[in-house]
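The chain contents come next:
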Amino acid sequence: MLEDVCKGSPSYGESSCGESAYRRGRDRARRRYRRRIFITLVGVKERFVVQGGTRLQGSVRVAGAKNSVLKLMAAALLAEGTTTLNNCPEILDVPLMRKVLEGLGCEVDIEGTVVRIHTPASVSSRADFDAVRQFRASVAVLGPLTARCGEAVVALPGGDAIGSRPLDMHQSGLEKLGARTHIEHGAVVARAERLTGAKIGLDFPSVGATENILTAAVLAEGRTVLENAAREPEIVDLCDMLNSMGAQIQGAGTSTVTIDGVDKLHPTEHTVVGDRIVAGTWAYAAAMTRGDVTVGGIAPRHLHLALAKLKNAGANVETFEQGFRVRMDGRPQAVDYQTLPFPGFPTDLQPMAIGLAAIAEGTSVITENVFESRFRFVDEMLRLGADATVDGHHVMLRGVDHLSSTDVWSSDIRAGAGLVLAGLVADGETVVHDVEHIDRGYPHFVEQLNALGAHVERVR
Ligand code: UD1
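Fair warning: this is a prediction, and the values are worked out from it, not measured in the lab. (Residues numbered from 1 in each chain as written. Predicted model: local features only at pLDDT ≥ 70, side-chain atom pairs only at ≥ 80, totals over all residues. Heavy atoms only, no water.)

Along the chain, the regular secondary structure elements total 15 helices and 26 strands. For 460 residues, the compact-globule estimate of 2.2 N^0.38 gives 23 Å, and the C-alpha radius of gyration of the chain, at 21 Å, lies within 12% of that figure. Each principal axis of the C-alpha distribution contributes one length, and for the chain these read about 60 × 50 × 40 Å. Classification of the 460 residues of the chain by burial places 58% in the buried group. The contacts in the chain between residues at least 6 apart in sequence include a share of 73% that link residues at least 24 apart. Surface accessibility of the chain: about 17,300 Å² in total, with carbon and sulfur atoms responsible for 45%. Between the averaged position of the 49 positive side-chain charges in the chain and that of its 56 negative side-chain charges there is a distance of 3 Å. (Helix = DSSP H or I, 4+ residues; strand = E, 2+ residues; numbered from the N terminus. Rg over C-alpha atoms; globule rule 2.2 N^0.38 Å. Buried < 20%, exposed > 50% of the residue type's maximum accessible area, 1.4 Å probe, protein only. Contact = heavy atoms within 4.5 Å. Areas by Shrake-Rupley, 256 points an atom, 1.4 Å probe, with all protein chains shown as cover. Lys, Arg positive; Asp, Glu negative; His and termini not counted. Charge placed at Lys NZ, Arg CZ, Asp CG, Glu CD.)

This part is about helix α13 (residues 413–425). Since the α-helix packs 3.6 residues into each turn, any two residues three or four apart lie on the same face. Across the 13 residues that make up α13, a large majority, 13, are buried. Where α13 begins, the side chain of Asp412 points an oxygen toward the backbone nitrogen of Arg414, at a separation of 2.9 Å. (Polar contact = N/O pair within 3.5 Å; in protein donor to acceptor, adjacent residues only side chain to side chain.)

It is worth spelling out the pairing of strand β3 (residues 81–86) at this point. Here β3 runs beside strand β5 (residues 114–119); their pairing, made up of five bridges, is antiparallel. Bridging across to β5, Thr84 finds its partner in Arg116. Both β3 and strand β14 (residues 269–271) contribute to a ladder of three bridges, which runs parallel. Following the sheet pairing, Leu85 is matched in β14 by His270. (Pairing = 2+ DSSP bridges.)

Strands belonging to one sheet form pairs held by backbone hydrogen bonds; the direction of such a pair is parallel or antiparallel. Across the sheet, which stays open at both edges, the four strands sit in the order β23-β25-β1-β26 with mixed pairing between neighbours. What marks the edges here is a single partner per strand, and that holds for β23 (407–409) and β26 (455–459). Pairwise comparison of adjacent strand axes, ignoring direction, gives a mean angle of 20° for this sheet. Across five bridges, the pairing between strand β1 (residues 47–51) and β26 is antiparallel. Residue pairing across strands places Arg47 opposite Val459, the latter belonging to β26. Packed onto the sheet, α13 meets β1, β23, β25 (429–433) and β26 and runs at close to 25° relative to β1. (Axes fitted to C-alpha atoms, helices over the stretch in contact; angles between N-to-C directions.)

Another point: the sheet that holds strand β6 (residues 126–127). The four strands are arranged β6-β7-β9-β8 in an open sheet whose pairing can be described as mixed. Each edge of the open sheet is held by one strand with a lone partner, namely β6 and β8 (180–184). Here strand β7 (residues 151–155) runs beside strand β9 (residues 187–191); their pairing, made up of five bridges, is antiparallel. Residue Ala155 lies in a different strand from β9, and its bridge partner there is Ala187. Helix-sheet contacts for helix α6 (residues 168–176) involve β8 and β9, and the interaxial angle to β8 is about 150°.

Around the ligand, 21 residues are found, and the nearest of them are Lys71, Asp168, Ser206, Asp348 and Val370. Pro166 has a polar backbone atom sitting 3.2 Å from an oxygen atom of the ligand. Here an oxygen atom of the ligand sits 2.6 Å away from a polar atom, N or O, in the side chain of Ser206. Considered on its own, the ligand offers 740 Å² of accessible surface; in the complex 87% of this is hidden by protein. The set of elements that each furnish at least two residues to the shell around the ligand consists of α2 (66–75), α6 and α7 (207–217). Here the residues of the shell around the ligand sort into eight nonpolar, six polar and seven charged. (Near = heavy atom within 4 Å. Nonpolar A, V, L, I, M, F, W, Y, C, P; charged D, E, K, R; others polar.)

Set out below in structure tokens:
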């Protein structure tokens, strides 16, 4: 039973429910998901009321990765016809990306966890409308549009709460391939009569820049060699999908990726890689609540360091082919962390590491190396009674034996999830505001938490 979830069982609310109860639960959750899209689009604020003191126990299965599906949807622009994506997460960013693609001329159907993108023979090169500005991942259309249309005008997303996120490496990569780029009227503009393969070295293994260079280079003339490329599992997933569309990419998942340009790509059907950040969130939730949670739908090697850190903190971690189990019996021990590009500790799990360190025995130092202002979350943890000091890109946490509930505000997706985890171990009732951030990345979060024994309610 524990290992079943690591093969292919319900994606939320396991415990003892049978198949029909599962279906009813899934349908209810999907109705809520559609209502939530509506609520967010009309701008109604919701909050989560989290009762502290529960121990998470049971099994949960993660869906496809947010940080992959949005790029795969953008990559569907590269080929005329219908591309089908399976295992898509039911999160708000997916319908947002649908709006972006529809604005470019595609038709997009979302049916539960299946997304079909019908790409016409010619797509618009201008993505400078409101939907694009609403979320960062929309910039993933830059590479495909430059490759297919010889021009791309993509609105820049607004400021992000985790620090400055320039596009200089995206632009210089496209320039190496022969495009001219500049920023104009709040949009990044790229133009190229034709793209030609080149040798490109990134200053930092940026995920987004690697993706835009890949999706442009697949249709360039000749060979591109990308050095210091990002190695995240989501990059490998994108390359797998591009190769199944007829691209010639080698070395995905290593620092040097070689792309031999082809004339044309064809549509494909692809299953999105499991979400390692959501899986990691469950792992840390289990450890924080001294629980016992089995997580399926994820290759444990995608979370190797995060799980190793949990072992150092005292958790018992068992791994399966497509999942893992985390059990924590006593108080966690303090552990130091450094966020780094994959295979390092993911910056997106930094709030969860802070949450665990906040209640650990001893002092932990957490160093953020990827984003400059990702410690805004710490202010909210201080409100919950954490003993933390921020110094530049380090935060020192002296573990306290309990947190104390209050109202807190999510500033981004992962910080929001981190606050919910903190609420689970705070005494009393924690109210997490601005949960639209969490809905952008965590499918059926409240339903899944409650199926594991938590008491969390979504209220308006
Ligand atoms: C992606 C993920 C995000 C994750 C991050 C790092 C998506 C939608 N988001 O973001 O959840 O936290 O990877 O794993 O997939 N940088 C530049 N110039 C550039 C590009 C990036 O200076 O042209 C800097 C950024 O400001 C940041 C660092 O490089 O400090 C890493 O950014 P990057 O890897 O590009 O992250 P994203 O693709 O934006």
